[in-house]
Structure formats: structure tokens, C-alpha cells
Amino acid sequence: MTNPALLVLEDGTTLHGTAFGAEGETFGEMVFNTGMTGYQETLTDPSYCRQIVAMTAPHVGNTGVNDEDPESGRVWVSGYVVREPARLASNWRARQDLDAYLRDQGVTGIAVRGTRLLTRRVREQGAMRAAVSTVGTSPEQLLERVLASPGMTGADLARVVSTAEPYTVRAAGQARYRVVAVDLGIKTSTPRNLAARGCEVQVVPASATVEQILAASPDGVFFSNGPGDPAAARYAVDAMRGVLDAGVPVFGICLGSQILALALGLGTYKLRYGHRGVNQPVMDLATGRVYITSHNHGFAAALPGEAALPGEAALPGEAALPGEAARRGAATWAHVPPQARRPFDTPYGPAVVSHVNLNDGVVEGLRLLERPVFSVQYHPEAAPGPHDAADHFDHFCTLLERAR
């Protein structure tokens, strides 16, 4: 016999389903992930802190849960929504099934037939506060508690998920570079990718000051992904500015990219429903190359010259750029906003928007033209994939070598 469960959004949308995972009641921001694989990595990604995640893949849990794929030491999602959890787990690496894993981690889940309806609702109305309950039967009472729960705007969550103490990940083989990684919600696979390229990585807490960062005499500094509103992490912005003043090579991803944007004088804003999944097309504006990328972010950097827009992505820009780049992909250039096509001034010299999302024109990368500094607003370390953008780690190492 299955137990009933309830999902309520802050606009009053109510879905009835069956419980799985832990019993209880949980609150968070309702978002969806479009990946067909990687549910274990999603669950353990610190960037999902205080979010209820709906998976658009119809069948989740087929391969169970193993000990090798977690991106952190715990599950960070507040709640989990699927259409149909797998009844059996089958994989030679599996140690337990998804239901047991969520129970052990204290995470409440719900299986509902209407995940397509739910996804459309979030796309149309935007990410909303929500609750999953396996202990209450009144949608009206649950809605009251949803409306009293905190939202994501203004939430400083990087310090919630960050390491409490510094630790070191040794290089695979001989150490060629020393990198300090600021943990704003870092995933396990990130220092692993750096270590594979000869980097000894010292991971420091999100609140580390520039003095603490530079005390390690790093060849470069990495600012990681993470959850929450970048505008609330002023301590990270201050640290970024100090590192930029010191002239050390910098690489930032996701929240780290938004922190760089703020340090350069750009604004940030909340996307209507965010980018979450492993199928986001991103164009490198310098080459015209399109990467298929893994995303997990609900905020973005505003375009140069634009104020932070509340809850809406930038609109597509002009029709096309002339020249070879346009001939390589004239249709895709229509999604590049005009503000992204020219350098802009910063306190650290001229900069450019280096990458844009081809679905909506959102800024996906930044680069300083006269300093070894760049960022991308997606996951080059993506596990289980795609691996199109893994070469960004190689580029960072090239900058470390040139700076010596």
C-alpha cells in the first residue's frame, strides 16, 4: 500500500501523489531539471540547497545509488518530485535504491503523474515557493505555510553549504600548479578535474578573505558554483576584487561567474525559472563554437549597460553579425544580444561577454581582455556529462603557466 503525499505551490497549484523517501514536510523553491541522467549528482549538488527539484525524465532511480558518483557528502535538495520512481534498481555499482537513500538522508519525495503539467506551470509562472508533505492532507493549510516560508531572492546560502575548514586535494602525479578554490558550494568533481591536470587544490571556505586566499601563494584562484542570491554574498565579491587587484589568474563557474560579474560592476538578477539540466546550448562568441552544457543556476549576470531585470531573461538581440562567424551560424547569432558583442569598461580594464545561452540570450561567460581572468555560468566539470566544456580547465592551466 502506498501513502498519499501532497505538493502545493505558492500560487495555489496542488498536486496529489504518492510518498517515497522520508516521511515529513519540506519547503523550498520549486524548480525542474531537464536531464535524462545524473539524478544522484543532482541530489548531491550543493547548488540545489533549499530547492524542491522536479525531474522531467519520466522514470528515475533505475540504476540505484552508488558510492562513487555523489558530488558532496550529503543530499542537498529540500524535496524531490518524479513521475515514477523505479521499483527496482539494477546496476553493478549500486549499493541501495533511491527510495532507501532518500529515507536515510531525510529527504521527502513525491511521485505525481503530472510532472509535465508541473514543469509547464513553473515555466509559465516562474520558480515559486512550494512544499511537499506526506503528513498533511489540507492544501489550504499547507499553502499558508508555503507563503510564510523564505524565498530565494536575498538568500545567502554559500556559507550554508561551504566547507567549515580548509582541505587539500593532491595533484594526480607531480604537482605543477597551486590553486586555491573558494568553496561557494563546490562539487567533488571540480577539484578532481583540476588535480588531473597537475593542480594541487587547497579548498577554502566561502567566507575566506583575500588575505587568507593569497597567504597560500597560489598560482591561480578558482571560484566555485553554489546556491543562493549572488548579491547576498558580498564577502565573496570583496574577496574576488582583492584577488583581481593582486593580478592572480582567476577562473569562476556558475555562482563564481556571477560573483565576478558583480566585482566587475555588472548587476545580477533572478531568472524566471532558471537553467537546470544537461542540454543547454551555449555559444563561444570568439569562435562561434556551440557547447552543449550542464547548468544549475537561478540567477544570472545582467548585460553590460543594463540594470538587473527582475525575473526575466534578456531578450534576443539583433539579427546577425557580419563576417565568417555569421556565415558559420547566422541563425544562432540572432540570439546574441547587441550588448554582448562589444567590450565594456571595468575597474580592471576592458572585458567582454564571452558566452551566451542560445535559448534566451542570457550571459554565460565573462573575460577580461588584459588580465588572465575568465568565467562561465555553467559546469565544465559536469558529471555525468556532457563533457563539451572540459577544455575550460585546460585553458585555466594555460593561464597559470603563462603567468609564471
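Sequence order as written defines the numbering, with residues in each chain counted from 1. For this predicted model, a pLDDT threshold of at least 70 governs which residues receive local features, and a threshold of 80 or more governs which side-chain atom pairs are given and counted, while totals over whole chains, interfaces and linings are taken from all residues. Hydrogens and water are ignored here; the side-chain numbers use all heavy atoms of the structure.

1. Thoughts on the sheet that holds strand β4 (residues 51–55)
Note: strands within a sheet are paired through backbone hydrogen bonds, in either parallel or antiparallel orientation.
In step 1: Any two strands between which DSSP finds at least two bridges are classified as paired. To qualify as a helix, a DSSP run of H or I must reach at least 4 residues; to qualify as a strand, a run of E must reach at least 2; elements of each kind are numbered from the N terminus. Here seven strands make up a closed barrel; going around it, the order is β1-β2-β8-β6-β4-β3-β9 and the pairing mixed. Averaged over all neighbouring strand pairs, the angle between strand axes comes to 35°, with direction disregarded.
In step 2: Here β4 pairs with strand β6 (residues 79–82) via three bridges, running parallel. Its bridge partner lying in β6, Ala54 is registered against Val81.
In step 3: Only heavy atoms enter the contact rule, under which two residues are in contact if any of them lie within 4.5 Å. Axis definition: a line fitted to C-alpha atoms, limited for helices to the stretch in contact. Angles are taken between N-to-C directions and run from 0 to 180 degrees. Here helix α2 (residues 98–105) sits on the sheet and contacts β2 (14–21) and β6; the angle it forms with β2, its principal contact strand, is near 90°.
In step 4: Against the sheet, helix α4 (residues 139–147) touches β1 (4–9), β2, β3 (25–33) and β9 (128–133), its axis set at about 45° to β1.

2. So, the side chain of Asp45
In step 1: When you line up the elements, Asp45 lands in the loop between α1 (39–44) and β4.
In step 2: Of the side chains with opposite charge, Lys187 lies nearest to the buried Asp45, which makes no salt bridge, at 4.1 Å.
In step 3: Once residues lying within four places of it in the same chain are set aside, the contact partners of Asp45 are Glu71, Trp76, Lys187, Asn225, Asn296 and His379. Relative accessibility decides the category of a residue: with a 1.4 Å probe and only protein chains considered, values under 20% of the type maximum give buried, values over 50% give exposed, and everything between is partly exposed. His residues and chain termini do not enter the charge count, which takes Lys and Arg as positive and Asp and Glu as negative. Should a side-chain nitrogen of Lys or Arg be within 4 Å of a carboxyl oxygen of Asp or Glu, the pair is scored as a salt bridge.

3. Let's talk about the packing of helix α8 (residues 234–246) against helix α9 (residues 255–264)
In step 1: The contact between α8 and α9 brings their axes to 9 Å, and the two run at 70°. Judged by the inter-axis angle, α8 sits roughly perpendicular to α9. Here α8 and α9 pass one another in a crossing that is right-handed. On α9, the residues touching Arg234, Ala236, Val237, Met240, Arg241 and Leu244 of α8 are Gly256, Ile259, Leu260, Leu262, Ala263 and Leu264.
In step 2: Throughout this entry, Asp, Glu, Lys and Arg are counted as charged residues, while Ala, Val, Leu, Ile, Met, Phe, Trp, Tyr, Cys and Pro are counted as nonpolar. The remaining residues, Gly among them, count as polar. Its residues assigned to classes, the contact of α8 with α9 comprises nine nonpolar, one polar and two charged. If an angle is under 35 degrees, it is roughly parallel; if it is over 145, roughly antiparallel; if it lies from 65 to 115, roughly perpendicular; otherwise it is oblique. Should the near helix be turned anticlockwise from the far one by less than a right angle, the crossing is termed left-handed; should it be turned clockwise, right-handed.

4. Thoughts on the packing of aromatic side chains
In step 1: Aromatic contacts are taken between Phe, Tyr and Trp rings whose centres are within 6.5 Å, Trp giving its six-membered ring; a plane angle under 30 degrees counts as stacked, one over 60 as edge-to-face, and the others as tilted. The tally for this structure, following the rule as stated, stands at five aromatic pairs.
In step 2: Each ring, one from Phe251 and one from Phe374, has its centre 4.4 Å from the other, and the planes form 10°; the classification is stacked. Here Phe374 lies in strand β19 (residues 373–376) and Phe251 lies in strand β14 (residues 250–253), a separation of 123 residues in the sequence. Each member of the pair, Phe251 together with Phe374, is buried.
In step 3: With a centroid separation of 5.9 Å and an interplanar angle of 80°, the aromatic rings of Phe251 and Phe393 are classed as edge-to-face. Within this pair, whereas Phe251 is found in strand β14, its partner Phe393 is found in helix α12 (residues 391–402), the two being separated by 142 residues in sequence.
In step 4: Using a relative accessible area of 0% as the deciding quantity, one classes Phe393 as buried.

5. Quick look at the sheet that holds strand β16 (residues 290–301)
In step 1: Taken in spatial order, the ten strands line up as β10-β12-β11-β13-β14-β19-β18-β17-β15-β16 in an open sheet, and their pairing is mixed. Lying at the two open borders of the sheet, with one neighbouring strand each, are β10 (167–169) and β16. Put simply, the sheet's adjacent strands are angled 25° from each other on average, direction ignored.
In step 2: Bridge count for strand β18 (residues 363–368) against β19 is three bridges, and the pairing is antiparallel. The residue bridging Gly365 from the neighbouring strand is Val376, located in β19.
In step 3: Packing against the sheet, helix α6 (residues 189–196) makes contact with β10, β11 (177–183), β12 (199–205) and β13 (220–223), and its axis sits at approximately 155° to β12.

6. Remarks on the pairing of β2
In step 1: With five bridges connecting them, β1 and β2 associate as antiparallel partners. Its bridge partner being in β2, Val8 is matched across the sheet by Thr14.
In step 2: Once β1 ends, the chain turns through four residues before running back antiparallel as β2, passing Gly12 with a positive phi of about 95°.
In step 3: Both β2 and strand β8 (residues 108–111) contribute to a ladder of four bridges, which runs antiparallel. For Thr18, the partnering residue across the bridge sits in β8 and is Ala111.

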